[in-house]
Amino acid sequence: MSKMSNIYHPQPIRPLVDYSLCKAKPYIMHIDLNSCFATIEAQANRLIRNRPIGVAAYDTPRGFVIAANYIAKAKGVKLGVNVAEARQLAPGIVIMTPDPAKYRDAHQKFKQLLLEYTDDVHPKSIDEFVLNFAGSPALRESRFKNSDFRITMQNIALEIKEKIKERLGEAVTVNVGIGPNRFLAKYAAGFNKPDGLTLIDSDNLLDFYKNQDLVDLPGINVRYRRRLFMAGIATPLEFLAADRWVLQKQVFKSIVGYYWYLRLRGYEIDAAESKRGSIGHQYALSNKTADVDELKKLLIKLCEKTGRRLRKNELYAQGIHLYLGFAQAQNGSPRTKFDGQAITNAEYQRPNYHDRDELPASFENIHRLRAWKMGMKVDCRLNSTGDIYRAACHLLDRAVIYDKVKLISVTVFNLQPWDPEQLELFEESRSLRAGRRVSQAMDSVNNRYGEFVVTPASMMDMSGTILDRIAFGQVRDM
Amino acid sequence: MRESIDEPVSVVFYYDAKAHHVQPYQVTWQNQDYRLGKIDYWHKTKQGNKLIHHFSIADVDENMYFKLGLDTETLHWKLEEFMTK
């Protein structure tokens with residue numbers, strides 16, 4: 001993104017076309033902790049503050065960099081490069097493995113601070129918060145108040161920036177975006193990195209859409225850009241000028257087009273918080289394997305973690321999904337099934353290699369040969385680790401393992417609150433409750449003495465695998 | 001390179017009631033004393049009910065980085081990580 005002035009433009013360029021922009025006051029503030037993991041590491045360790053830093057899932061040469069500070073980014077270290085590449089791009093780079101407890105602590109301190117300004121604080125991820133100041137008493141406080149509302153909001157943002165430095169440390173910087181809706185606030189936060197402060201409203205919106213690429217808009221990826229190109233829309237300004245019906249009928253072919261029409265103008269349509277639909281865990285295997293017994297050992301730990309979160313939230317699930325991602329086969333090497341037989345050309349061509357009749361259409365295998373996945377709905381209530389594991393094994397036993405597995409993921413869905421519990425008359429429900437009580441007893445011991453103090457026997461010798469990690473995106477179980 | 005270890009260490013630690021400030025002052029590790037500088041990051045974790053305070057801190061000469069853990073159940077200190085310049 002190009003650098004733009006973060007000071008409100010006193011004489012904005014008036015549009016010749018009426019874009020029907022939203023004239024609402026810019027009440028929404030988006031705060032983004034710059035390069036979160038790398039910044040927190042730099043704060044904790046002053047010896048590395050002026051060096052390129054990469055936080056990688058594993059510090060082995062093929063581990064992926066999941067966060068890099070600005071020094072490393074300037075040398076070309078992007079998210080997703082592996083450690084060996086990062087070392088080539090930025091000689092002397094400090095590679096660190098994640099310390100999730102530290103990042104969660106920073107998130108909590110960050111949130112506590114923001115709650116002092118408004119009670120309408122929504123964490124969007126570990127390092128992003130959206131604040132709504134509509135009705136907030138902070139707007140009336142004399143140290144912020146100004147006859148120009150935009151300056152009041154910028155005064156609040158400046159104080160928040162200062163306090164973040166006080167509470168989290170001098171190396172921690174944030175980008176703040178202010179706008180009339182969440183979209184424009186997030187878009188504004190993308191300018192002047194790092195440590196930026198940018199306000200966008202109806203008066204200066206066109207300035208910020210100028211000379212930008214479509215993919216600079218939050219939520220527009222290369223696929224959306226391709227669709228927009230097909231409709232003759234190549235820039236954010238052309239996107240803004242596009243007719244609602246063109247977007248709705250031609251580009252997005254759904255109501256999504258209308259949402260974009262509103263979003264771009266500053267109307268709020270993203271405020272609804274989505275309900276939690278699923279809980280899951282995944283693990284990237286350091287030692288790729290096609291051995292089902294090995295996979296089952298990993299599966300039990302993933303199921304235990306999933307079950308812990310289900311029980312902590314007093315939920316049960318009525319569906320489960322299993323995903324296996326395969327290592328890419330070397331060029332020319334024969335692909336084999338798990339039983340060692342070569343996959344025939346005819347099988348390779350089949351759109352769905354496994355038995356489709358057993359599956360609902362929506363859960364069919366779509367990543368042929370690169371991954372296998374299957375989901376199923378169940379009649380019983382999945383809550384105990386044992387029940388989740390049995391259901392996951394049921395899926396794993398049906399898996400066609402084309403190659404060594406590099407990624408395994410378990411997700412439970414169709415979540416329902418456990419309370420009030422619907423009692424059943426039949427024997428089955430007793431065993432279900434017994435399983436749940438065993439899991440609850442184990443949870444109590446683990447709550448008292450620490451995670452994985454008591455585990456299912458099949459999880460023996462697993463203490464060094466499937467480490468604590470922070471998910472990208474929403475953070476509901478902090 | 002940051003090294004993770006889990007080794008008991010001796011720590012001189014003070015509390016300033018006026019400033020409401022705590023400060024690890026000196027750590028003794030492998031028969032060597034290090035005067036500690038400002039706390040760069042402090043966070044807490046729980047292992048079950050056990051609360052542990054973690055202090056990320058460099059020595060005053062900024063040649064060594066330490067992450068010290070104080071177990072509030074036993075009041076024992078451990079060196080959890082270190083790094084040399």
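One can find the structure itself at the top, above this paragraph.
All values reported here derive from a predicted model rather than from experimental measurement.

Procedures and definitions
Residues numbered from 1 in each chain as written. Chains lettered and ligands numbered in written order. Predicted model: local features only at pLDDT ≥ 70, side-chain atom pairs only at ≥ 80, totals over all residues. Heavy atoms only, no water. Axes fitted to C-alpha atoms, helices over the stretch in contact; angles between N-to-C directions. Helix = DSSP H or I, 4+ residues; strand = E, 2+ residues; numbered from the N terminus. Parallel < 35°, antiparallel > 145°, perpendicular 65-115°, else oblique. Left-handed = near helix turned anticlockwise from the far one by under 90°. Contact = heavy atoms within 4.5 Å. Nonpolar A, V, L, I, M, F, W, Y, C, P; charged D, E, K, R; others polar. Pairing = 2+ DSSP bridges. Salt bridge = Lys/Arg side-chain N within 4 Å of Asp/Glu carboxyl O. Buried < 20%, exposed > 50% of the residue type's maximum accessible area, 1.4 Å probe, protein only. Core = buried A, V, L, I, M, F, W, Y, C linked by side-chain atoms within 4.5 Å. Buried area = accessible area lost by both parts, 1.4 Å probe. Polar contact = N/O pair within 3.5 Å; in protein donor to acceptor, adjacent residues only side chain to side chain.

**Concerning the packing of helix H12 (residues 292–312) of chain A against helix H14 (residues 385–396) of chain A**
Residues and elements named next belong to chain A.
Part 1: Close contact between H12 and H14 brings their axes to 8 Å; oriented N to C, the two are set at 140 degrees. Taken as axis vectors, H12 and H14 run oblique relative to one another. For the pair H12 and H14, the sense of crossing is right-handed. Here H12 contributes Val292, Leu295, Lys296, Leu299, Ile300, Cys303, Glu304, Gly307, Leu310 and Arg311 to the contact with H14, which in turn contributes Thr385, Ile388, Tyr389, Ala392, Cys393 and Leu396.
Part 2: In the contact of H12 with H14, the residues fall into 11 nonpolar, two polar and three charged.

**Some words on the sheet that holds strand S7 (residues 174–179) of chain A**
Residue and element names in this part refer to chain A.
Part 1: Spatially, S5-S6-S1-S7-S8 is the arrangement adopted by the five strands of the open sheet, whose pairing is mixed. At either margin of the open sheet sits one strand with a lone partner, and together these are strand S5 (121–125) and strand S8 (197–199). When the angles between neighbouring strand axes are averaged without regard to direction, this sheet yields 15 degrees.
Part 2: For strand S1 (residues 28–33) and strand S6 (residues 128–132), the ladder comprises five bridges, and the chain directions are antiparallel. Note on S6: the bridge partner recorded for Ile31 is Phe129.

**Here we look at the pattern of salt bridges**
Residue and element names in this part refer to chain A.
Part 1: Scanning the entire structure with this criterion turns up 29 salt bridges over all chains.
Part 2: The residue Asp148 makes a salt bridge to Arg150 at a minimum N-O spacing of 3.1 Å. We note that Asp148, like Arg150, is buried.
Part 3: For Asp195, the salt bridge identified is with Lys161, shortest N-O distance 2.8 Å. Taken as a pair, Asp195 in the loop between helix H6 (182–189) and S8 and Lys161 in helix H5 (residues 149–168) lie far apart in primary sequence, 34 residues in all.
Part 4: Residue class for Asp195 comes out partly exposed when judged on its relative accessible area of 35%.

**With respect to the nonpolar core**
Residue and element names in this part refer to chain A.
Part 1: With 47 residues, the main nonpolar core has Met29, Ile31, Leu131, Phe133, Ile156 and Ile160 as its most contacted residues.
Part 2: With seven residues, the single largest contributor to this core is H5.
Part 3: For Leu131, the residues in contact, after removing those within four places along its chain, are Tyr27, Ile28, Met29, Ile31, Leu114, Thr118, Asp120, Val121 and Ile160.
Part 4: Ile279, Ala317, Val412 and Met459 belong to the second largest nonpolar core, which has 39 residues in total.

**Examining the interface of chain B and chain A**
Part 1: Contact residues are listed per partner, giving 24 residues for chain B and 27 residues for chain A.
Part 2: Roughly 1900 Å² of surface becomes buried between chain B and chain A when both sides are summed, with 50% attributable to carbon and sulfur atoms.
Part 3: For the interface between chain B and chain A, the tally reads five salt bridges.
Part 4: Taken together, the links from chain B to chain A amount to 11 residue pairs in polar contact (both at pLDDT 80 or more).
Part 5: Mapped onto the side of chain B that touches chain A, the elements with two or more residues apiece are strand S4 (32–47), strand S5 (50–59), strand S6 (64–71) and strand S7 (76–84) of chain B.
Part 6: Considering each element in turn, the side of chain B that touches chain A owes the most residues, eight residues, to S4 of chain B.

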